[in-house]
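# Inside the fold
Residues per chain are reported as follows:
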Amino acid sequence: MTVDGKPATRGFSPIGTADAEPGSEVASLRVVPARHPWRWVASGVTVVLLAMALHALVTNPAWEWHVVSQYLFYETILRAVGVTLQLTALGILIGFALGTVLALMRLSPSPLLQAFAWGYVWLFRSVPLILQLLFWFNLALLYDRISLGIPFGPSFWEFRTQDLVGPLTAAALGLALHQAAYCAEIVRAGFLSVDQGQLEAAAALGIPRRRQIRRILLPQAMRTIIPTAGNEIIGLVKGTSVVYIMAIPELFYQVQVIYARNGRVIALLLVAAIWYLLLTTVLSIAQFYVERYYARGAVRMLPPTPWQRVRAAAAQLDAERRRRRSDRQRLDAELTGKEAP
Amino acid sequence: MTTTAMVEIKGIHKSFGPVDVLRGVDLRVRAGEVVVILGPSGSGKSTLLRSINHLERLNRGYVRIDGELIGYRRSGGRLRELKEREVLRQRTHIGFVFQNFNLFPHLTALENVVEAPVAAQRKPRREATEKALLLLERVGLSDKANAYPRRLSGGQQQRVAIARALALEPKVVLFDEPTSALDPELVGEVLDVMRDLALRGTTMIVVTHEIGFAREVADTVVFVDDGLIVEQGPPAQVLDHPRHERTKAFLAKVL
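Residues numbered from 1 in each chain as written. Chains lettered and ligands numbered in written order. Predicted model: local features only at pLDDT ≥ 70, side-chain atom pairs only at ≥ 80, totals over all residues. Heavy atoms only, no water.

## A look at the overall build of chain B
Of regular secondary structure, chain B possesses 9 helices and 12 strands. Computed over the C-alpha atoms, the radius of gyration of chain B is 18 Å, within 12% of the 18 Å expected from 2.2 N^0.38 for a compact globule of 255 residues. The proportion of buried residues among the 255 residues of chain B is 55%. Sequence separation of 24 or more characterises 64% of the internal contacts of chain B that already satisfy a separation of 6 or more. Accessible surface, chain B as shown: approximately 11,600 Å² in total, 47% of it carbon and sulfur. The distance from the centre of the 37 positive side-chain charges to the centre of the 32 negative ones in chain B is 7 Å. (Helix = DSSP H or I, 4+ residues; strand = E, 2+ residues; numbered from the N terminus. Rg over C-alpha atoms; globule rule 2.2 N^0.38 Å. Buried < 20%, exposed > 50% of the residue type's maximum accessible area, 1.4 Å probe, protein only. Contact = heavy atoms within 4.5 Å. Areas by Shrake-Rupley, 256 points an atom, 1.4 Å probe, with all protein chains shown as cover. Lys, Arg positive; Asp, Glu negative; His and termini not counted. Charge placed at Lys NZ, Arg CZ, Asp CG, Glu CD.)

## Topic: the interface of chain B and chain A
Counting residues at the interface gives 26 residues for chain B and 24 residues for chain A. When chain B packs against chain A, close to 2,300 Å² is buried across both sides, 55% of that on carbon and sulfur atoms. Summed over the three residues of chain B that lose the most area to chain A, namely Phe104, His106 and Arg150 of chain B, the buried surface amounts to 25% of that side. There are 4 salt bridges connecting chain B and chain A. (Buried area = accessible area lost by both parts, 1.4 Å probe. Salt bridge = Lys/Arg side-chain N within 4 Å of Asp/Glu carboxyl O.)

## Some words on the UniProt feature "domain: ABC transporter" (unreviewed entry) in chain B
Under the present numbering, the feature "domain: ABC transporter" (unreviewed entry) in UniProt falls on residues 7-251 of chain B. Regarding residues 7-251 of chain B, the helix share stands at 37% and the strand share at 27%, and the terminal C-alpha atoms are separated by 27 Å. (UniProt positions renumbered as here; feature names shortened; annotations may be inferred.)

## Here we look at the packing of aromatic side chains
Scanning all chains against the criterion turns up 8 aromatic pairs over all chains. A ring pair is formed by Tyr71 of chain A and Tyr74 of chain A, whose centres lie 4.9 Å apart and whose planes are at 65 degrees; its orientation type is edge-to-face. Here the aromatic rings of Phe223 of chain B and Phe250 of chain B are separated by 5.2 Å at their centres, their planes lie at 45 degrees, and the arrangement is tilted. Separated by 27 residues along the polypeptide, Phe223 of chain B in strand β11 (residues 220-225) and Phe250 of chain B in helix α9 (residues 245-254) bring together distant segments of the chain. Phe250 of chain B matches Phe223 of chain B in its accessibility class, with the two residues each being buried. (Phe/Tyr/Trp six-rings, centres within 6.5 Å; stacked < 30°, edge-to-face > 60°.)

Shown next, in the form of C-alpha cells:
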C-alpha cells in the first residue's frame with residue numbers, strides 16, 4: 001500500500017552532486033505516469049459496440065423476451081434442466097472413475113493392461129459420440145439378453161436388455177464411456193506431471209501403494225487435471241444436448257418439443273441458451289475455488305478470490321483518500337507556518 | 001570377527017542394461033557407525049546406497065539390515081523378491097534422505113514428517129504429531145512447522161527431509177548427496193544437523209563430496225570407483241595416506 005507515486009518522489013535523488021540545487025528541486029516534483037490515449041480510444045469503441053449489441057438485443061421484438069421470461073422457469077423446462085444435470089453428473093463421475101482406472105492401466109508395467117487402455121481410448125475417441133449413443137440405444141437389437149455367470153460357462157442371472165438398459169441408462173452409459181476415454185488421457189497427463197522423485201520418496205518412507213496414489217500422487221496431479229477437467233465438464237453440460245436424438249427429455253429436446261407446439265422458436269432457443277450459460281457459469285466459479293484449493297503449497301501466494309480483490313481495492317482507495325487528506329493538512333500547516341513568523 | 005553388523009552388504013552386483021554399475025561390493029556397518037562413501041560421479045555410489053533400501057533391484061548378492069534380508073527372502077537355493085507390501089514395511093527401518101529433498105510440496109513441513117508414521121506404521125496422529133514437533137525442533141525448524149516446502153530455503157527443506165526420515169525411528173539413515181543441491185552458504189546448517197545425529201549414535205551411510213565432513217564425523221571412509229570399493233578405513237588413513245592410485249587421483253581433484 002505504501003508503494004505508489006508519491007512516497008517514491010521523496011526517495012528520488014538525482015545522479016551527480018555538482019548541481020545539487022536544481023537536483024533537489026527535481027526531487028520534490030510530482031511524478032505523473034505515462035498517458036495511453038489509444039487505450040482510451042479502444043476502450044471507448046468497445047463500450048459503444050457493446051451498447052449497440054445490447055440495444056439490438058433488447059429493442060428487437062423478434063427475440064420475444066416476454067415469451068422467454070414466461071418459459072424460463074416453466075416446470076417442464078426445470079425438469080429438463082434436472083435431466084441435463086443428471087446426465088452430466090453421471091457422465092463425469094463414471095467417466096472420471098473409469099478414466100482413472102484406464103490411466104493407471106496405461107501406466108502399469110503390464111503390456112497387456114497398457115494395450116487394453118490404449119485400445120479403449122483409441123476406440124471411444126474415434127467413433128463419433130452420436131454413433132456411440134445410437135449403438136447403446138439399440139443394444140437390445142444386438143444382444144437380446146444380458147446374463148451374469150461364469151465366462152463362457154453357465155449363467156446365473158439373465159435380464160432382457162430392454163429392461164436393463166432403458167433410454168436414460170443408455171444415454172448416461174454412452175456419455176460416460178465416451179467421456180472415460182478423454183478423462184483417461186487427462187488423468188494420465190496429470191500423473192505424468194508429478195515428479196518421479198515424489199513416488200520414490202513415498203516408497204522410501206514405506207507408505208503403502210494405495211496411499212501413495214491417493215495422498216501423494218493425486219493431489220499434485222490435480223493441479224494439471226483440474227483446468228482440463230473443467231473444460232470437459234463444461235463441454236459435457238452442453239454435450240448432453242446430443243442425446244435429444246434418443247428422445248430423452250433433457251433441456252434441448254424439451255425446448256424443441258415446446259417450440260414445435262407453439263412456434264416460438266427463437267424465444268425457446270434463447271431459454272435453452274440462458275440455462276446453459278447459467279450452468280456453465282456456476283461450474284466456472286466452482287472450478288476457480290477447486291483450483292485454488294489444490295494450489296496450496298504449489299504457489300508462494302494464493303491468488304486472491306474476486307471478493308478479496310474487491311475488498312483490497314476498497315481498502316486501497318480508502319488509504320489513498322486518507323493519505324491525500326493528511327498531505328493536504330500538512331501542506332496547509334506548512335503554508336500557515338511559513339506565513340506566521 | 002566382530003559382533004553382527006547393523007548393515008551387511010555382500011557381493012552385490014547391479015547392471016543397467018549392458019552397463020555394470022556395481023561389480024561385487026562388500027560392506028559392513030556397525031550399529032552407531034558413520035560411513036562416508038566417496039567416489040567420482042558415475043562410480044556407482046548412489047546406486048549402492050539405493051540398493052540398500054531396495055530402490056534398486058540387485059542382480060546378485062544381498063543386503064541385510066539388523067540380520068533381516070532386504071527385498072528378498074531365501075527359499076531353497078534362491079532369493080525370491082518380496083511382495084511390495086513387505087518391502088515397504090522393511091523400508092520403514094531405513095531412513096533415506098534425497099539429494100533433491102523430495103518433500104511433498106502440497107503438505108506442510110509438519111504434515112511431511114507426520115505422514116509416514118501414520119501411513120506406514122499406523123501410529124495415532126496425535127502421537128505422531130507430538131513426535132514430529134520434537135524432531136522439527138531438533139533440526140531447528142519448530143517455527144516452520146506450518147510452512148509449505150516451497151516457502152523454505154533449500155537448507156531448511158533438507159532439514160525437514162531429515163526430520164521426516166527420522167520420524168520412522170529407522171535403524172540406519174542413508175544420505176544421498178544431501179548437500180549437493182544447496183547453495184554454498186546453506187550447506188553448513190544441514191551438515192550441523194547430520195553431525196548432531198552422528199553424535200547421538202545414529203547409524204549413518206552418507207554419500208557426499210564434503211571431505212571436511214568425512215574427516216570430522218566419519219568413523220569409516222569408503223572410496224568407490226568403477227563399481228568396486230577401492231579402499232576403506234578411518235578418515236585419517238584414507239584421506240591423508242591413501243594407498244591406492246585412484247584414491248590419490250580423486251582426492252587430488254577434490255581437495
